[in-house]
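# Coordinate inspection notes
Here is how the chains run, residue by residue.
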Amino acid sequence: MPIDIERAALRHAFGAAEGQVAEIPPAARPGTIGAVAQALGIRPSEVRTTLELHWLESSGRAGARSLNGQARGTEAPATTGPTFDPLFIQLMGRDDGPTHNAQSVHAQFAGEEATQVKWEQPLDFDIDRSRKNRALDEALPKGKVGEYGQVPLERMGADDPLLEVRVYRGIGARDPAQVALRMTGHLIPEGTSGDYEHFKTYDHRAPLDAYEWTLDPFIAAKGAGGRGTLLSMTLGELKAQGAEVYRKRGDTEGGVFIASVVAPEHRVVANTGDTYRLSLRSDVARRPAQAEAATKLRAALVRHEGWEGLWSAQPAFAAKMAKARATETERLIRHWLGRLDEKAPNDPVATRVAAKLAEPPAEDPQAHLHNMERLLRSVALRASDLLDRTPEQTAWDLR
């Protein structure tokens, strides 16, 4: 709680939980942040987020320089307007490096080159995310918070800055939609068109997860599990592809729903424990044959009411999907083996799983997939023991 952070800061600075946080000398503030984080067992960024509210009002830019180990110097002349200083927020993220701010994070997630993004969100990220959420809500027809409205893409001019806003979705390596994406270059959401119509009028909730995207790339990357795919599109790209986009007013985590078959930019995302490692972005060009295959696959998925029904009706397609899913499962297994090797070299479970991977695969695609799933279960459970993972996190990575 913020009050606990403030009291701990006062105790560290003055020996008792009395006085004002703003009275903590600028030179003592970096040490106070670290001491409070250690005492309460939380991240330094959480401590900064709470304490900086007091220091922003009392110190401005000079306090920021002092907090980051720079000389206090002469106070800057007083200026009119709000006391909030965006530069101060960027400087407060110094332990993440000078480029770890909202702008650079979005550039990394949306870029084309391989990169790594730290888990810890920069302090100005919440401000940037809130601004984009508000702008998207304001573009909707009038309605109450929590209601769904269609984003009026067709009425937006080519120079509308909202078209540059990017939305994200993360899917696990073994998700059938991820396998279909590799085959066709298109995201094919599960669920029927009727489900989607019902969901928009509050009559049906089951398919929501299949359609949901978010403005927050950190949430999307987390949704990809240990290793998966990060999808991203701008609203302008969605408009060009004729997609229908809906928004749940006031939603700060996801809130963007797309049932259309779309061709998103995508890249592999791997969770390494404190960073998200992103691969090169795929070529966004799509062949007409891929678009045709995606449309047919979507129609078949609707007709058979989901992947299981489709696999039962088309054994040849089921075998092809099983082979592809087994490949993705093996990649996920090797991801966890790499994590375990860093934490516990020569771990007996990891050694046994690696030996099994070296054996010739079963000829039957379904049997091979079953074997890979069994090995994934073993290595993921071992990872939960050694990598401080919760059972819920382990279950997610087995999906």
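What you see is a predicted model; the values in this text were computed from it and never measured.

Thresholds applied
- Residues numbered from 1 in each chain as written.
- Predicted model: local features only at pLDDT ≥ 70, side-chain atom pairs only at ≥ 80, totals over all residues.
- Heavy atoms only, no water.
- Phe/Tyr/Trp six-rings, centres within 6.5 Å; stacked < 30°, edge-to-face > 60°.
- Helix = DSSP H or I, 4+ residues; strand = E, 2+ residues; numbered from the N terminus.
- Expected span 1.5 Å × (residues − 1).
- Buried < 20%, exposed > 50% of the residue type's maximum accessible area, 1.4 Å probe, protein only.
- Arc of directions from axis to C-beta.
- Core = buried A, V, L, I, M, F, W, Y, C linked by side-chain atoms within 4.5 Å.
- Contact = heavy atoms within 4.5 Å.
- Salt bridge = Lys/Arg side-chain N within 4 Å of Asp/Glu carboxyl O.

## Examining the packing of aromatic side chains
Taken as a whole and assessed by the stated rule, the structure comprises 6 aromatic pairs. Here the aromatic rings of Trp119 and Tyr276 are separated by 6.2 Å at their centres, their planes lie at 40°, and the arrangement is tilted. In this pair, Trp119 sits in the loop between strand E1 (115-118) and helix H6 (125-139) while Tyr276 sits in strand E9 (residues 275-278), placing the two residues 157 residues apart along the sequence. A ring pair is formed by Tyr148 and Phe257, whose centres lie 5.5 Å apart and whose planes are at 70°; its orientation type is edge-to-face. Of this pair, Tyr148 sits in strand E2 (residues 148-150) while Phe257 is found in strand E7 (residues 256-258), placing the two residues 109 residues apart along the sequence. Feature note: the residues Phe109, Phe125, Tyr168 and Phe218 constitute an aromatic cluster, connected by ring pairs.

## Structural notes on helix H2 (residues 29-40)
Its 12 residues give H2 an end-to-end C-alpha distance of 16 Å, which sits within 8% of 16 Å, the value for a rise of 1.5 Å per residue. Three or more residues of H2 are buried, namely Arg29, Thr32, Ile33, Val36 and Ala37. Buried residues of H2, viewed axially, fall in a sector of 125°; they line one side. Seen from the buried face of H2, the exposed residues on the opposite side, beyond 90 degrees, are Gln38 and Ala39. Gly41 lies just past H2 and shows a positive phi near 70°.

## Brief notes about the nonpolar core
Core analysis: the largest hydrophobic core is formed by 24 residues, its most contacted members being Leu153, Trp213, Leu235, Leu238, Val256, Ile258 and Val262. Mapped onto this core, the elements with two or more residues apiece are strand E3 (166-172), helix H7 (176-184), strand E5 (227-234), helix H11 (235-240) and E7. When sequence neighbours within four positions are dropped, the list of residues in contact with Leu238 reads Leu153, Val167, Met233, Ala243, Val245, Ile258 and Val262. Core analysis: the second largest hydrophobic core is formed by 17 residues, Leu340, Leu369, Val379 and Leu387 among them.

## Re the pattern of salt bridges
This structure, assessed with the given rule, holds 16 salt bridges. Residue Glu154 pairs with Arg155 through a salt bridge whose shortest N-O separation is 3.8 Å. Among the charged side chains, a network of salt bridges with common partners joins Glu112, Arg166, Glu265 and Arg281.

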